[in-house]
Amino acid sequence: MKFNPADQIQDLQYFGEFGGVNPSISDSSTYTFLSAKTMFDTFEGNADGCYLYSRHSSPSNLYLGEALAAMEGTETANVAASGMGAITPVLLQLCNAGDHIVSSRTIYGGTYAFLKNFTPKLGIATSFVDITKLDVVEKAITENTKVLYCESVSNPLLEVADIKGLAALAKKYNLKLVVDNTFSPLSISPAKLGADIVCHSLTKFINGSSDTVGGVVCGTQEFINDLRNVNDGACMLLGATMDSLRAASVLKNLRTLHIRIKQHSYNAMYLASKFEKEGLKTVYPGLASHPSHKLFSNMMNAEYGFGGMLTLDVGSLEKANELMELMQHKNLGYLAVSLGFYKTLFSAPGSSTSSEIPEEEQKEMGLSDGLIRFSIGLDNDIERTFQMMKTCMKEVGVL
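Here's a quick rundown of the structure. (Residues numbered from 1 in each chain as written. Predicted model: local features only at pLDDT ≥ 70, side-chain atom pairs only at ≥ 80, totals over all residues. Heavy atoms only, no water.)

1. Quick look at the environment of Q93
Then, number 1: By secondary structure assignment, the location of Q93 is in helix α4 (residues 84–94).
Then, number 2: With relative accessibility at 22%, the residue Q93 sits in the partly exposed group.
Then, number 3: The spatial distance from the C-alpha of Q93 to the C-alpha of I124 is 12 Å, given a sequence separation of 31 residues.
Then, number 4: Aside from chain neighbours lying at most four places away, what touches Q93 is F223, D226, L227, D232, G233 and A234. (Helix = DSSP H or I, 4+ residues; strand = E, 2+ residues; numbered from the N terminus. Buried < 20%, exposed > 50% of the residue type's maximum accessible area, 1.4 Å probe, protein only. Contact = heavy atoms within 4.5 Å.)

2. Description of the sheet that holds strand β11 (residues 345–347)
Then, number 1: Taken in spatial order, the five strands of this open sheet run β8-β9-β12-β11-β10, and their pairing is mixed. Each edge of the open sheet is held by one strand with a lone partner, namely β8 (281–283) and β10 (334–335).
Then, number 2: Strand direction decides the pairing type here: β8 and strand β9 (residues 309–313), joined by three bridges, are antiparallel. Counted as the bridge partner of T282 is L312 from β9. (Pairing = 2+ DSSP bridges.)

3. Notes on the state of the cysteines
Covalently bonding the sulfur atom of one cysteine to the sulfur atom of another cysteine gives a disulfide.
Then, number 1: Evaluation of the coordinates by the stated rule reveals zero disulfides.
Then, number 2: Its sulfur unpaired, C95 is 13 Å from the next cysteine sulfur, which belongs to C199.
Then, number 3: With a relative accessible area of 3%, C95 lands in the buried category.
Then, number 4: Of all cysteine sulfurs, the one in C199 lies closest to C218, which takes part in no disulfide; the gap is 7.7 Å.
Then, number 5: On the basis of relative accessibility, which here comes to 0%, the residue C218 falls in the buried class. (Disulfide = S-S within 2.5 Å.)

4. What to know about unusual backbone geometry
Then, number 1: Each neighbour pair has its own omega, and for N155 with P156 the value is 5°, a cis peptide bond.
Then, number 2: For P156, the location among the structural elements is in the loop between β4 (145–151) and α7 (163–172).
Then, number 3: In this structure, N174 takes a positive phi of about 60° despite not being glycine.

5. Points about the side chain of T74
Then, number 1: Among the structural elements, T74 can be located in the loop between α3 (59–72) and β1 (76–80).
Then, number 2: Among the polar contacts listed, one links the side chain of T74 to the backbone oxygen of T76, at a separation of 3.1 Å.
Then, number 3: With residues up to four places along the chain from it excluded, the contact list for T74 reads A69, A191, C218 and G219. (Polar contact = N/O pair within 3.5 Å; in protein donor to acceptor, adjacent residues only side chain to side chain.)

6. A closer look at the pattern of salt bridges
Then, number 1: A full pass over the atoms with the stated rule returns eight salt bridges.
Then, number 2: Across the salt bridge formed by D99 and K146, the nearest N and O atoms sit 3.2 Å from each other. One end of the pair, D99, is in the loop between α4 and β2 (100–104); the other, K146, is in strand β4, with 47 residues separating them in the sequence.
Then, number 3: Taking relative accessible area as the criterion, D99 reaches 10% and is therefore assigned buried.
Then, number 4: Classification of K146 by relative accessible area gives partly exposed; the value is 32%.
Then, number 5: Of the charged contacts in the structure, one is a salt bridge between K172 and E138, with a shortest N-O distance of 2.8 Å. You can see K172 sitting in helix α7 and its partner E138 sitting in helix α6 (residues 134–140), a full 34 residues away along the chain.
Then, number 6: Residue K172 is classed as exposed on the basis of its relative accessible area of 56%.
Then, number 7: Where salt bridges share partners, they join R105, D130, K133 and E159 into one cluster. (Salt bridge = Lys/Arg side-chain N within 4 Å of Asp/Glu carboxyl O.)

This is the structure in structure tokens:
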């Protein structure tokens, strides 16, 4: 049977300790042992199923991790306090001083800053490349390369990574392919396409209510065990642990993800088509004009669509700001960073979520001042939304 991520989530069934339909929340930071030997064994990593300390793991975090691993089709997963709290330990676990990473040039600004400005202090170098060109990626690989890093759909330019092609390169050179799938949960299943490790910012679509931050690493049991190791595990030692109450909250929201993603995708496809017909410079993977439309179509789990993210280039930062302020005034959404909320969110990434990338590099990758990134909401009447947005665009002179 074809892998369906929503079915994997639905087939999980948990019971609370008193028979509740939601698993009980483990509101404890530390756990007791009936014998000193079991505590010793747990510190040595030999007492499977025993809880030690919530920075290491907790029942609530494991429930959420299991559900996310099922969604991505990996053996297991480890949740963290933020998306960056998931991504950074992965890269530090896989790389030592002297090692090298090949990364997509268009990635979340925080990840870019970590690779560009922070890891060099530890002797880890990164080459940033156009991830859509496999020959360019291969040329950047050196004898010290350990990791290929990309986003399934890149932030903010919506470039699409050829995960199967990258996985073949990773296998050829004995590298680990790490994929951030934050922009395309359910729509794309990177592990099924050959990725070794899949990360998400749970803050975004997966949680979907913009009320918490969180992250997850999905991978093999062996790798997740390494991350949690009390002696040299990056997740354990760096301490970005998700709170049990938040883990329980995200797990509840995860159960409606398939409904939300379908609506996000439907609305985004509708608006992108309309904007393009109006002559606006529109980028959305669902449009035939997108350079990677066929690639995305071949990789995707079709029923979940092309995702909720689109961009419009309105020519200048001044026009972008004027339009966003007016749309917010008209209750069409919020001038805010992040994504996956029930209302549309919009921002100019060059001066916000990608501001860590130097201006000259932004220009080189095609990130213009006038680019607006939209996270399209769950609007019930998307034609009404379009007409209201069109009116705003005419008022500020974009149309």
